[in-house]
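Observations on chain architecture
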Amino acid sequence: MKTINRTAITIIPKQPYINWANSFEDAETYDTPHATTILIPDKYGEFDFGVYLKKIFEQIFEEELESWMTDPDGWPQKRTYKMFKEWFDVICADMTWDYGDGEVEHDED
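As a starting point, this report considers the structure included with it. Keep in mind it's a predicted model, so treat the numbers as computed, not measured. (Residues numbered from 1 in each chain as written. Predicted model: local features only at pLDDT ≥ 70, side-chain atom pairs only at ≥ 80, totals over all residues. Heavy atoms only, no water.)

**Thoughts on the packing of aromatic side chains**
Counted by the stated rule, this structure contains 13 aromatic pairs. Look at F84 and F88: their rings are 5.2 Å apart centre to centre, the planes differ by 35°, and that puts the pair in the tilted class. Exposure remark for F88: the relative accessible area of 1% places this residue in the buried category. By the ring-pair criterion, three or more aromatic residues cluster together here, those being Y17, W20, F24, F57, F61, Y81, F84, W87 and F88. (Phe/Tyr/Trp six-rings, centres within 6.5 Å; stacked < 30°, edge-to-face > 60°. Buried < 20%, exposed > 50% of the residue type's maximum accessible area, 1.4 Å probe, protein only.)

The following block contains the structure:
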């Protein structure tokens, strides 16, 4: 087991996101909780990850919306940091362990 030089933050949908996801008539019901974990630079830890989160929240917000509805016309138009915090809990793990075998691989963007 090895540590990696990243801080992990986990994005957990709250009720407003769930209500939005369930507002589409032709979509499946959002009934299975999920979370997204993001690795950020390790210079941001459990006490100051919010500084980095404020820089990237719009991208995270859009990725979370797109994971349910790919058409941006169905997304809330005004997406602020305050709204992001109302829609998602964010927890930080300042120690991330790699229990996997082999090298970590990255997909090309």
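**Some words on a negative patch on the surface**
On the surface, a cluster of negative charge is made up of E103, E105, D107 and E108. The topology assignment puts E108 in the segment after strand 5 (97-98). Classification of E108 as exposed rests on a relative accessible area of 75%. (Patch = residues over 30% accessible without salt bridge, like charges linked within 9 Å, V, L, I, M, F, W, Y side chains within 5 Å. Areas by Shrake-Rupley, 256 points an atom, 1.4 Å probe, with all protein chains shown as cover. Salt bridge = Lys/Arg side-chain N within 4 Å of Asp/Glu carboxyl O. Lys, Arg positive; Asp, Glu negative; His and termini not counted. Charge placed at Lys NZ, Arg CZ, Asp CG, Glu CD. Helix = DSSP H or I, 4+ residues; strand = E, 2+ residues; numbered from the N terminus.)

**Details of the pairing of strand 2 (residues 6-13)**
By the criterion of burial, strand 2 is predominantly enclosed, with six of the eight residues buried. Relative to strand 3 (residues 36-41), strand 2 runs antiparallel, the two being bridged by six bridges. Bridge pairing in strand 3 links I9 to I38. Relative to strand 4 (residues 88-93), strand 2 runs antiparallel, the two being bridged by six bridges. Counted as the bridge partner of T10 is I91 from strand 4. (Pairing = 2+ DSSP bridges.)

**With respect to the sheet that holds strand 3**
Pairing between the strands of a sheet comes from backbone hydrogen bonds, and it takes one of two forms, parallel or antiparallel. Pairing within the open sheet is antiparallel, and its three strands lie in the order 3-2-4. Every interior strand has two partners, whereas the edge strands, strand 3 and strand 4, have only one. Averaged over all pairs of adjacent strands, the angle between their axes in this sheet comes to 25°, without regard to strand direction. Here helix 2 (residues 49-66) sits on the sheet in contact with strand 2, strand 3 and strand 4, set at roughly 140° to strand 3. (Axes fitted to C-alpha atoms, helices over the stretch in contact; angles between N-to-C directions. Contact = heavy atoms within 4.5 Å.)

**Notes on the environment of Y44**
By the element assignment, Y44 lies in the loop between strand 3 and helix 2. Of the residues examined, Y44 reaches a relative accessible area of 8% and is grouped as buried. The residues touching Y44, leaving out its near neighbours within four places in the chain, are T7, F49, V51, Y52 and K55.

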